[in-house]
Amino acid sequence: GGLLTGKSFMIAVTTNMKKSDLGTVPMLERFRSVDDLLAPLILTHYYVGIKGQLPTFHADDVVRGDTSLVLKNYEAHLKSIDWQSTTPVDGTGGL
């Protein structure tokens, strides 16, 4: 591990669950956020040296719900990230 230092990553995920299901539905009661649910994926990034995690984008309820705003919300999510000051938590450099 550790060969990809100085990199950052962002997870964009779609699920059929509602965000309100996290921490409340018996199958998901251990998970308070989508990042908790994706911990194995996040830890894999850390293992290979990618330690700068950008904010996760989560589009929920995509099968049953209204998905008309997913693209707009994703674009807004990307615009909300300060790309110039984003550095990995290990401080080794940019994206």
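The model shown is predicted, which means the values in this text are computed figures rather than measured ones.

1. Describing the overall build of the protein chain
Each helix and strand counted, the protein chain has three helices and four strands in total. Scanning the protein chain from its N terminus toward the C terminus, one meets helices and strands in the order β-β-α-α-β-β-α. For the protein chain, the residues scored as buried account for 31% of the 95 residues in total. In the protein chain, of all internal contacts separated by at least 6 residues, the share reaching a separation of at least 24 is 73%.

2. Quick word on the pattern of salt bridges
By the definition in use, this model includes one salt bridge. Of the charged contacts, one joins Asp61 and Arg64 as a salt bridge, the two residues approaching to 3.5 Å between their closest N and O atoms. Looking at Arg64, the relative accessible area reads 58%, which means it is exposed.

3. Observations regarding unusual backbone geometry
With a phi close to 55°, Asp61 is a non-glycine residue in the positive phi region. Tracing the chain through its elements places Asp61 in the loop between β4 (57–59) and α3 (70–80). For Asp61, a relative accessible area of 14% corresponds to the buried category.

4. Some words on the nonpolar core
Judged by nonpolar contacts, Phe9, Ile11, Val13, Met17, Leu22, Leu28, Phe31, Val34, Leu38, Ile42 and Ile50 together constitute the single largest core of 11 residues. If near-sequence neighbours (up to four positions away) are discounted, Ile11 is found in contact with Leu38, Leu41, Ile42, Thr56 and Phe57.

5. A short note on the packing of aromatic side chains
This model, assessed by the stated rule, comprises two aromatic pairs. Relative to Tyr46, the ring of Phe9 has its centre 6.3 Å away and its plane inclined at 70°; by these criteria the two rings are edge-to-face. With a gap of 37 residues between them, Phe9 in strand β1 (residues 8–9) and Tyr46 in helix α2 (residues 39–47) connect regions that are remote in the sequence. In this structure Phe9 comes out as buried when scored by relative accessible area, which is 6%. Residue classification places Tyr46 among the partly exposed positions, given a relative accessible area of 31%. Judged by centre distance (5.0 Å) and plane angle (65°), the rings of Phe57 and Tyr74 are edge-to-face. On the criterion of sequence distance, the pair formed by Phe57 in strand β4 and Tyr74 in helix α3 is long-range, its members being 17 residues apart.

6. Overview of the confidence of the model for the protein chain
Overall, the prediction assigns the protein chain a mean pLDDT of 84, with 87% of residues at 70 or greater. Within the model, pLDDT remains below 50 along residues 88–95, and this stretch shows 25 contacts once partners closer than five positions in the same chain are excluded.

7. Comments concerning the side chain of Thr15
Mapped onto the secondary structure, Thr15 falls in the loop between β2 (12–14) and α1 (34–37). From its side chain, Thr15 meets the backbone oxygen of Met17 in a polar contact 3.4 Å long. Setting aside chain neighbours within four positions, we find Thr15 in contact with His58, Ala59, Asp60, Asp61 and Val62.

Conventions and cut-offs
Residues numbered from 1 in each chain as written. Predicted model: local features only at pLDDT ≥ 70, side-chain atom pairs only at ≥ 80, totals over all residues. Heavy atoms only, no water. Helix = DSSP H or I, 4+ residues; strand = E, 2+ residues; numbered from the N terminus. Buried < 20%, exposed > 50% of the residue type's maximum accessible area, 1.4 Å probe, protein only. Contact = heavy atoms within 4.5 Å. Salt bridge = Lys/Arg side-chain N within 4 Å of Asp/Glu carboxyl O. Core = buried A, V, L, I, M, F, W, Y, C linked by side-chain atoms within 4.5 Å. Phe/Tyr/Trp six-rings, centres within 6.5 Å; stacked < 30°, edge-to-face > 60°. pLDDT = per-residue confidence, 0-100. Polar contact = N/O pair within 3.5 Å; in protein donor to acceptor, adjacent residues only side chain to side chain.

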